[in-house]
Amino acid sequence: ILPSAFPFLSTIKSLPEEWHQVASTMGTYARATVEPIECLFFIPAVQIFGLGDSIPFYIQLQGLPQSIRHFLQPLTAPSSSSKLSRKTSNQTSTPQPQATVRVILQRHIVGVVESQRITRTYTVGEGVIRALPSGTSSRLSVLRSPDDGRETLDYEGEVKFSDKQAVGGFSVGR
């Protein structure tokens, strides 16, 4: 595993064999007015990690400007007429941007019991994610506009198992 001292952007060109790439499309609803966004997700090529390892990753989202801007829209707080949630006149109601990208580590279990397939998915870890270039305070400043008219968002980070995960696998007896 490459140490975190070697950021993705400096190693993907010189050591591309050290990274495993997964491409996916984030689709839209049938009546959506925006186009899908392409997602490129990179992890170290070894793809085998210990419970205590921090797994570095890199994400690039690519799409048309309208799609990316729609994706970056901050989540709005739910409206409520409750007296307990009423704001005083000196409080601001400007919505703050919420995280739109998360990386979670999941365990997917599939079993067959009497010819019936049963699946369960458990979250076993969550990542720390940083927008690139690092040190920027505005989410929109991570946008890049390549020559093809598409925009990209770049993120890097690490994901690891939560402290509650004491066992990496399990055995089912008969």
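Residues numbered from 1 in each chain as written. Predicted model: local features only at pLDDT ≥ 70, side-chain atom pairs only at ≥ 80, totals over all residues. Heavy atoms only, no water.

### Digging into the overall build of the protein
Put simply, the rule is: For the purposes of this entry, the term helix denotes a DSSP run of H or I that reaches at least four residues, the term strand denotes a run of E that reaches at least two, and both are numbered from the N terminus. Three labels apply to residues, based on accessible area from a 1.4 Å probe with only protein chains included: buried if under 20% of the type maximum, exposed if over 50%, partly exposed otherwise in between. Residues count as neighbours in contact if any of their non-hydrogen atoms are within 4.5 Å of one another. In these tables, accessible area is a Shrake-Rupley quantity obtained with a 1.4 Å probe, and a residue counts as shielded only by the protein chains included in the view.
Tallying secondary structure elements over the protein gives two helices and six strands in all. Of the regular secondary structure in the protein, the N- to C-terminal order runs α-β-β-β-α-β-β-β. Going through the 174 residues of the protein one by one, you find that 24% of them count as buried. When contacts within the protein are restricted to residue pairs at least 6 apart in sequence, long-range pairs at least 24 apart make up 58% of them. Carbon and sulfur atoms form 53% of the exposed surface of the protein, whose accessible area is close to 12,700 Å².

### Some points on the sheet that holds strand β1 (residues 19-26)
The test is simple: Note on pairing: two strands pair once DSSP finds at least 2 bridges between them. The axes are straight lines fitted to the C-alpha atoms, using for helices just the contacting stretch, and the angles between their N-to-C directions are given from 0 to 180°.
Taken together, the six strands give an open sheet; going across it, the order is β1-β2-β3-β6-β5-β4, and neighbouring strands pair in antiparallel fashion. The open sheet terminates on both sides in strands that have one partner only, identified here as β1 and β4 (104-113). Ignoring strand direction, the axes of neighbouring strands in this sheet form an average angle of 25°. In terms of strand pairing, strand β2 (residues 37-44) meets strand β3 (residues 55-63) through five bridges, oriented antiparallel. Residue pairing across strands places E38 opposite Q62, the latter belonging to β3. Each of β1, β2, β3 and β6 (151-161) touches helix α2 (residues 65-72); the most contacted strand, β6, lies at about 45° to it.

### Considering the pattern of salt bridges
Here is the rule: Criterion for a salt bridge: a side-chain nitrogen of Lys or Arg within 4 Å of a carboxyl oxygen of Asp or Glu.
Within this structure, the stated rule accounts for four salt bridges. Here R69 and E151 are joined by a salt bridge, their closest N and O atoms 3.1 Å apart. With a gap of 82 residues between them, R69 in helix α2 and E151 in strand β6 connect regions that are remote in the sequence. By relative accessible area, E151 is classed as buried at 5%. A salt bridge links E158 to R130, with the nearest nitrogen and oxygen atoms 2.9 Å apart. Of this pair, E158 sits in strand β6 while R130 is found in strand β5 (residues 116-132), placing the two residues 28 residues apart along the sequence. A relative accessible area of 24% places E158 in the partly exposed class. According to the relative accessible area criterion, R130 is partly exposed, its value standing at 29%. Connected through shared salt-bridge partners, R130, E156 and E158 make up one network.

### Overview of α2
Quick note on the threshold: Arc, as used here, means the arc of the directions from the helix axis to the C-beta atoms.
Among the residues of α2, S67, I68, F71 and L72 are the ones counted as buried. Along the axis of α2, the buried residues cluster in a sector spanning 130°; they form a single face. Buried residues in α2 make contact with β1, β2, β3 and β6.

### Some thoughts on the environment of K160
With respect to the helices and strands, the residue K160 is situated in strand β6. Residue K160 is classed as partly exposed on the basis of its relative accessible area, which comes to 37%. Along the chain, K160 and P56 lie 104 residues apart, while their C-alpha atoms are 8.9 Å from each other.

### A word on the nonpolar core
As a rule of thumb, nonpolar side chains are buried together in soluble globular proteins. Counted only if it meets this: What makes a nonpolar core is a set of buried Ala, Val, Leu, Ile, Met, Phe, Trp, Tyr and Cys residues whose side-chain atoms join them at distances within 4.5 Å.
In terms of nonpolar packing, the biggest core is built from 18 residues, with I59, L61, F71, L153 and Y155 touching the most fellow members. Counting only elements with at least two residues in this core, the list comes to β2, β3, α2 and β6. Once residues lying within four places of it in the same chain are set aside, the contact partners of F71 are M26, I37, L61, T100, V101 and L153. Core analysis: the second largest hydrophobic core is formed by five residues, W19, L40, F42 and L132 among them.

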